[in-house]
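So the chains spell out like this:
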Amino acid sequence: GITITKKTGSSVVRNRLRRRIRELFRRTTPFPEPVDVVVNVRPGAERTAFRDLAEDFARLVRRAGEPGR
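Residues numbered from 1 in each chain as written. Predicted model: local features only at pLDDT ≥ 70, side-chain atom pairs only at ≥ 80, totals over all residues. Heavy atoms only, no water.

A closer look at the side chain of Arg14
Using the following cut-off: Helix numbering and strand numbering both begin at the N terminus, where a helix is a DSSP run of H or I of at least 4 residues and a strand a DSSP run of E of at least 2. Burial here depends on accessible area, computed with a 1.4 Å probe over protein chains only, as a share of the maximum for the residue type. Under 20% is buried, over 50% is exposed, and the range in between is partly exposed. Only four residue types enter the tally: Lys and Arg on the positive side, Asp and Glu on the negative side; His and the chain ends are excluded. Should a side-chain nitrogen of Lys or Arg be within 4 Å of a carboxyl oxygen of Asp or Glu, the pair is scored as a salt bridge. Whenever a nitrogen or oxygen atom comes within 3.5 Å of another N or O atom, the pair is scored as a polar contact, on the condition that within protein one atom can donate a hydrogen and the other can accept it, and that pairs from neighbouring residues in sequence are kept only if both atoms are in side chains. Here a residue-residue contact requires only that any non-hydrogen atoms of the pair lie within 4.5 Å.
With respect to the helices and strands, Arg14 occurs in helix H1 (residues 11–27). For the buried Arg14, which has no salt bridge, the nearest side chain bearing the opposite charge is Glu46, at an N-O separation of 10 Å. Looking at Arg14, its side chain comes within polar contact range of the main-chain oxygen of Gly9, at 2.6 Å. Apart from residues no more than four positions distant in its own chain, Arg14 is found in contact with Ile4, Thr5, Lys6, Thr8 and Gly9.

Below is the structure:
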């Protein structure tokens with residue numbers, strides 16, 4: 001799931017961020033094991049480059065695959 005607060009910006013900005021996050025899910029190879037993922041988008045993310053978002057998301061995927069998580 002993806003959560004974005006109204007503090008992040010207008011509905012146009014929030015929907016653009018949702019589309020960007022969904023694209024990261026599509027581009028990412030499947031998670032190493034079945035997991036439930038909730039992405040909480042923080043205010044300020046609207047100014048973040050897609051490349052930086054992709055790096056953060058890749059880090060999340062690696063952490064999700066660690067044993068004991």
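Remarks on the nonpolar core
Generally speaking, nonpolar side chains in soluble globular proteins are found buried as a group. For clarity, the threshold we go by: Among the buried residues, those of types Ala, Val, Leu, Ile, Met, Phe, Trp, Tyr and Cys that are joined through side-chain atoms within 4.5 Å form a nonpolar core.
With 11 residues, the main nonpolar core is built from Ile4, Leu17, Ile21, Leu24, Val37, Val39, Val41, Ala45, Leu53, Phe57 and Val61. Of all the secondary-structure elements, those providing two or more residues to this core are H1, strand S2 (39–41) and helix H2 (50–64). Residues contacting Phe57, with those up to four places away along its chain left out, are Leu24, Phe25, Thr28, Phe31 and Val39.

Overview of the packing of aromatic side chains
Each aromatic ring pair is characterised by the separation of its centres together with the angle its planes make. Just so we agree on the cut-off: Stacked, tilted and edge-to-face are the three classes assigned to paired rings of Phe, Tyr and Trp, where Trp is represented by its six-membered ring and a pair needs centres within 6.5 Å; plane angles under 30 degrees give stacked, over 60 edge-to-face, the rest tilted.
Taken as a whole and assessed by the stated rule, the structure comprises 1 aromatic pair. An angle of 75° between the planes, with centres 4.8 Å apart, marks the rings of Phe25 and Phe57 as edge-to-face. Here Phe57 lies in helix H2 and Phe25 lies in helix H1, a separation of 32 residues in the sequence. Judged by relative accessible area, Phe57 falls into the buried class, the value being 5%.

Side note on the environment of Thr3
Its location among the elements puts Thr3 in strand S1 (residues 2–4). Each C-alpha atom, one on Thr3 and one on Arg14, is 9.4 Å from the other, the two residues being 11 residues apart in sequence. Discounting chain neighbours no more than four positions away, the residues touching Thr3 are Val38, Val39, Asn40 and Val41.

Details of the environment of Val61
In this fold, Val61 is placed in helix H2. Overall, Val61 belongs to the buried group, its relative accessible area being 11%. In this structure the C-alpha to C-alpha distance between Val61 and Arg26, which are 35 residues apart in sequence, comes to 13 Å.

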